[in-house]
Structures are given as structure tokens and as C-alpha cells.
2 protein chains.
Amino acid sequence: MHILIIGAAGMVGRKLTDKLVAEGHLGGKAITQLTLADVVAPAAPEGFPGKAETLTVDLSAPETATRLAAGRPDVIYHLAAIVSGEAEADFEKGYRINLDGTRHLFEAIRQEGLRKDAPDQPYKPRVVFTSSIAVFGAPFPDKIGDEFFTAPLTSYGTQKAIGELLLSDYSRRGFFDGIGIRLPTICIRPGKPNKAASGFFSNILREPLVGQEAVLPVSPDVRHWFASPRSAVGFLLHAGTLDLARLGWRRNLNMPGLSATVGEEIESLRRLAGDKAVALIRTEPDETITRIVDGWAQDFDARRALELGFKADATFDDIIRAHVEDELGGRIGG
Amino acid sequence: MHILIIGAAGMVGRKLTDKLVAEGHLGGKAITQLTLADVVAPAAPEGFPGKAETLTVDLSAPETATRLAAGRPDVIYHLAAIVSGEAEADFEKGYRINLDGTRHLFEAIRQEGLRKDAPDQPYKPRVVFTSSIAVFGAPFPDKIGDEFFTAPLTSYGTQKAIGELLLSDYSRRGFFDGIGIRLPTICIRPGKPNKAASGFFSNILREPLVGQEAVLPVSPDVRHWFASPRSAVGFLLHAGTLDLARLGWRRNLNMPGLSATVGEEIESLRRLAGDKAVALIRTEPDETITRIVDGWAQDFDARRALELGFKADATFDDIIRAHVEDELGGRIGG
């Protein structure tokens, strides 16, 4: 089978690629071809025996989507997006990439299926779209259920919610078989500290685990919704193979996650890395970040996704352990 | 003040125009200019003393929206849409008019506000967008609340739900001050019987009231959500004047309505027009229509809209009386 990953150079895209190459199959079918596309050059998949292509392309140009669909991939992972902060800072760029880019892709798939001069069989790929809990806006219930409305408070959340609606309608009309998965905040995000408002949730664990200081800008009682990178890749694999008829036409799902406070994160760090690691967290209250984070979802009842077999991290200790295994070769300390 | 009505030639557009002309003001401000736009030629507003312009234009052409926004109307009523059945039959036309047309309009307003060579004052009009209960898809709770999610089962409902998301985001970003109102099924719809699946709800009252036969294709226990044309115009006037800061950024509201069964409609007809009128209703069960109607919302708890001062019809007798007064000159019978 041929798998296309759009947004393959991002953190989740790279981990998904690695996992697909390691497994060699998806849903019992051998992976014979991989196409990796991103606006920055994706790395060639290491150790992949099949046909591999890497493309440096901009999805907001309509011809990009046409070219990608012409390859008739069986499964399309659409992970590409500009992030929340940038979509808020640059209104037009956010709509061009997150909305128009997604619509071009869906429309190109439809057009490929309508081609009169097309190969023998009809074309109706699986499309897995990464949405976000940013489709929800405060105020929230204590736990957000599967039928809570999307009233986003960012342009990014708006663009993701529109992508979800298009995905459901294109699926219902039979143009592809789509599923949208709303990812929790990924923690521990590997790499360097970044300026995303949510960065501290990862920073306060990732940096002390290698003996570095980290800044905590909010109160320890702040609660949020998390999944490890390993769980996120698990969601994507399951979304790529699950029988989507089980979803009816409600194709967008809150992924399961772990609801935890910053204080619980810190206690977990203490259990696994000791007081010395916790002492590296410096509290520097930041009103702006506190205000932003106050508007974020804290907890979900992700019943549908759990019933459909999506699996979350059970404890924060598991989240930290996964990071130590996957990123630090099993070794804690500076 | 200058009011623009897009979709002015439709039933609701004509009634809104008549009402605005009769009142002469909106929210205490004199109406000095009316622009009526539609894809079919709107009638000139009768008896309007101010400046009036009628435009026969297609909103799916981007230059149309630019032209409409250049007139800097203070209030814009965006009622234009192709209906559910047509949007389902012609996928591309539905998206072109209901989605692209709406987005062109919102974007043209934003661009007008950004113009460097613009008149002295900034431009930030009120935008009233008519959405629909078609943004919801079965299965429903017994009463749909204000936070129930939009999972439409038609392309029309999808396009309206996307328009709502855009409206909220453009409002939040400060480009205009928008409100989306989800209209119940309008009953009694004046005019001739049409082929809309919902037509029978009106037909079985309107036709017998003038001594004509009508066909009932569903069981009398079918329940649905209604508003009279008079109430719909009332919603639009209130949406044009209400302080929208009271809505926060949740700018799309279920309008209040009347939940009633077909049997209750018929008993109301019997009270006001007698057994002779009811005898004109011929039952001809239609499986297709029954199946479509089974997927429609039946009842709402429209608390937010009621608290914000939107007013619904109290009884089906009121709905029939409004029709007799407004369309039949007070006279029942053939």
C-alpha cells in the first residue's frame, strides 16, 4: 500500500514515519510506497525497503494537492498546519494554509476520483486529519463530552473546526473515507524549549530530566489534557486502520488523554528523577500565559474514542517513562 | 443609516424589506438608504422615501462582495443561499454560493475596513447571517440545547456551519460585528406548494385555508420546530439592533420556535377553519419524505436566545392567525 504523509517534517510526522517504517505494514497490508511531503524538506525514510519520495511543497498552492492526489495514495495523513500562535498573528496566512490548503487537498482527492481518463479502479482513499482541542473555547463543562459544540477562540481552532466539517461532508458524499482526530496537548514534546504558550507543560519535565533549568509560568493547580508523542502516533495508526463505518457520519473524535495538573506533573517528575530534578524548576508567574491557559480545555470524557479502541497514557509516570525511553536512551540526568 | 439586504428577493428578504420600510428606522436610527441585492432582480422597495438601489448580482463572484462592501452599509443582512435540496444535488454550486459567497462577503468587509484610501471613519458594520437548524444532524437529544454540536447531515448544513465559524472568528478579530441566527422551519410559508421535503408542513395549512386540497406524506405524530414568517422577521430586526457584546464570541444562536406535531397543526387548523378545511388534507404516505424528516430536529431549548430577547410564536393558532392576517387579508375559505 501507498501512504502519503503531509506535514511529514514535523515532530509527529517524523515519529509516524519512523513507526510505519519499523512496522512495515498498516492494518495487515505491507507498505510498499511512502510519499513524505512538507513545506520544509522531509528527511528520506531511513531503512525503508519500498519506494520512497520526499517532496518540498506548499499545500496552499492548488497544484500541490492535485499532484499529491494524482499519486493515488491509499492512506493520506494530513498533519500539515501552521500553529495557533502564527495563525493568530497572520490572519491571511492561517486561512491560506490551514483552511485553503485543507480544502485544496480534499477537493483534489474528489477530482482525482472523478477523472474520466483515470486508471481502472475508482479512487477513494482513507484520509486521517489531525484536528485539535483548540476547536473548543471556554467556558467549558468540567469534562468536555463527545457532543460539546465547537466554539473556538482562535483562528487556528476555527480553521481546524472548518476542516472537520469539510472532512465529514466529503466522507458522507463518498469522495473519501475520512476521520478527524482531535489531539490533546502533546507532552513531553521533544526538542528545544519553544515560545508556544503551551511549551512549559513539556519544558518543566524535559529540561530537568537532562539536568537543565526550566521556567514554570503558571500555578501548580492549572489542569490540562495530555498525550505522549507515542500515544499520538498510536492514535494515527489506529485511525489509519479502524473500520470507519462504525463512526457513521460523525467523523471527528476527541482523542483520549490524561487530565493532570502541573502539580501532578511535578510529583511524577519527583518520583522518577528525584528532588534534584524538581529543584531545577523555577517559578516565574506570567500573567499573559496564565490568561491564555485559563481559556484552554482541562478535561474530557472521550467515551466514543475509547469505545473505538483509541488508547491513552494511563499515568504521568508513563508519559515521562516513554520520553526517557524514546528520547534519552533510557537514561535520566544531565 | 444604510441597510444592505443580500438575498432580498427571497420570501424572508421581501418581508424584511417591507417591515423596514414600514418602520422607517432600526434601533432608533432612521433608515436613509436601502440596498437590495439578489441573484434574481429584487423589487424596488415600495413607498421608501430614502435612497434605494436594487442590484441583480451573483455573490459567488468575488467582485460582487467588494462592490457591496464599498457602499459601507451600516447593517448587512446576509440571507442569500441556495437551498438544501439544490446544495445536495449540485455539490459544487452549493459550496460556491453558500460557502465561497459567504466568505467573499466577510473578506470584502475586512478588506474595506483595511483600505488605506478609505473615508475618515473605520468600517465595522453589523452583519446578520441567517443560518439554519440544518447545522444539526441526528441523533439528537429530546431537546437540542445551546451547546449541542453541529454535525450536519447535508452539504447545506455543512456550509451554514462553516459560515457560522467564519462569522464568529471575523467578529472576534474585530472585522465586523456579527450574529448568526439559526432559523426554525418557516411555517406557514406563503406562495405555491414547492418540492422541498419540508413543504408539506406549510401546504397542509395554507392550501385548506383557501379551499384547496393538500397532501400529507408523513404520520401525524411527526414533530418539528417552527416559526412564522412574522417571527422570522422579528428575529432579524432584533438581531440588527441587539447589543452583541452580550453574546461574547459565541455568535451563533438557535432561534426560539414552537415544537409541534403534524397532528397539532391539524387540530389548530380545525379550531380556526373547521372540519371542512381539515377534510381537504389527503394522507398519502411517502417513505422517502418520512425518512428525510426522521433525521430532522424536533425540539430545542433555545434559552440563550430567549434570554437575549428573541420572541417565538406561542401557539400554532398564532402561526395560522398571522398567516390569515398577513397573506389572506383576514379571510379564511376558498
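What you see is a predicted model, and the numbers here were worked out from it, not measured in a lab.

**Focus: the sheet that holds strand 11 (residues 223-227) of chain B**
Strand-to-strand pairing in sheets goes through backbone hydrogen bonds, with the strands running parallel or antiparallel.
All names here are of chain B.
Here comes step 1: Spatially, 9-11-13 is the arrangement adopted by the three strands of the open sheet, whose pairing is mixed. Of all strands in the sheet, those with a lone pairing partner are strand 9 (185-186) and strand 13 (258-261), marking the two edges.
Here comes step 2: Where strand 9 lies against strand 11, two bridges are found, and the strand directions are parallel. Along strand 11, the bridge assignment pairs I186 with A227.

**A word on helix 1 (residues 11-23) of chain B**
Residues and elements named next belong to chain B.
Here comes step 1: Its 13 residues give helix 1 an end-to-end C-alpha distance of 19 Å, which sits within 8% of 18 Å, the value for a rise of 1.5 Å per residue.
Here comes step 2: What helix 1 keeps buried is the set M11, V12, G13, L16, T17, L20 and V21.
Here comes step 3: Elements that come into contact with the buried residues of helix 1 comprise strand 1 (2-6), strand 2 (25-26), strand 4 (33-38), strand 6 (75-78), strand 9 and helix 7 (229-241).

**Points about the relation of the copies chain B and chain A**
Here comes step 1: Mapping chain B onto chain A leaves a residual RMSD of 0.0 Å; the transformation is a rotation of 180 degrees accompanied by 0.0 Å of translation along its axis. When the rotation and shift are considered jointly, the pair of chain copies conforms to a two-fold rotation axis. No C-alpha of chain B lies nearer the rotation axis than that of F149 of chain B, which sits 1.9 Å from it.
Here comes step 2: With an isologous cut-off of 70% or more, the 100% of interface residues of chain B that recur at the interface of chain A puts this contact in the isologous class.

**Some remarks on the packing of helix 2 (residues 62-70) of chain A against helix 4 (residues 91-114) of chain A**
The description of two packed helices rests on the angle between their axes and on the distance between the axes.
Residues and elements named next belong to chain A.
Here comes step 1: At a minimum axis distance of 8 Å, the contact between helix 2 and helix 4 shows a crossing angle of 45 degrees. The pairing of helix 2 with helix 4 is recorded here as oblique in orientation. Where helix 2 crosses over helix 4, the handedness of that crossing is right-handed. In this structure, helix 2 uses P62, A65, T66, A69 and A70 to contact helix 4, whose residues at the interface are H104, L105, A108, I109 and E112.

Rules used in this analysis
Residues numbered from 1 in each chain as written. Chains lettered and ligands numbered in written order. Predicted model: local features only at pLDDT ≥ 70, side-chain atom pairs only at ≥ 80, totals over all residues. Heavy atoms only, no water. Pairing = 2+ DSSP bridges. Helix = DSSP H or I, 4+ residues; strand = E, 2+ residues; numbered from the N terminus. Expected span 1.5 Å × (residues − 1). Buried < 20%, exposed > 50% of the residue type's maximum accessible area, 1.4 Å probe, protein only. Contact = heavy atoms within 4.5 Å. Least-squares fit on C-alpha atoms with pLDDT ≥ 70 in both. Axes fitted to C-alpha atoms, helices over the stretch in contact; angles between N-to-C directions. Parallel < 35°, antiparallel > 145°, perpendicular 65-115°, else oblique. Left-handed = near helix turned anticlockwise from the far one by under 90°.

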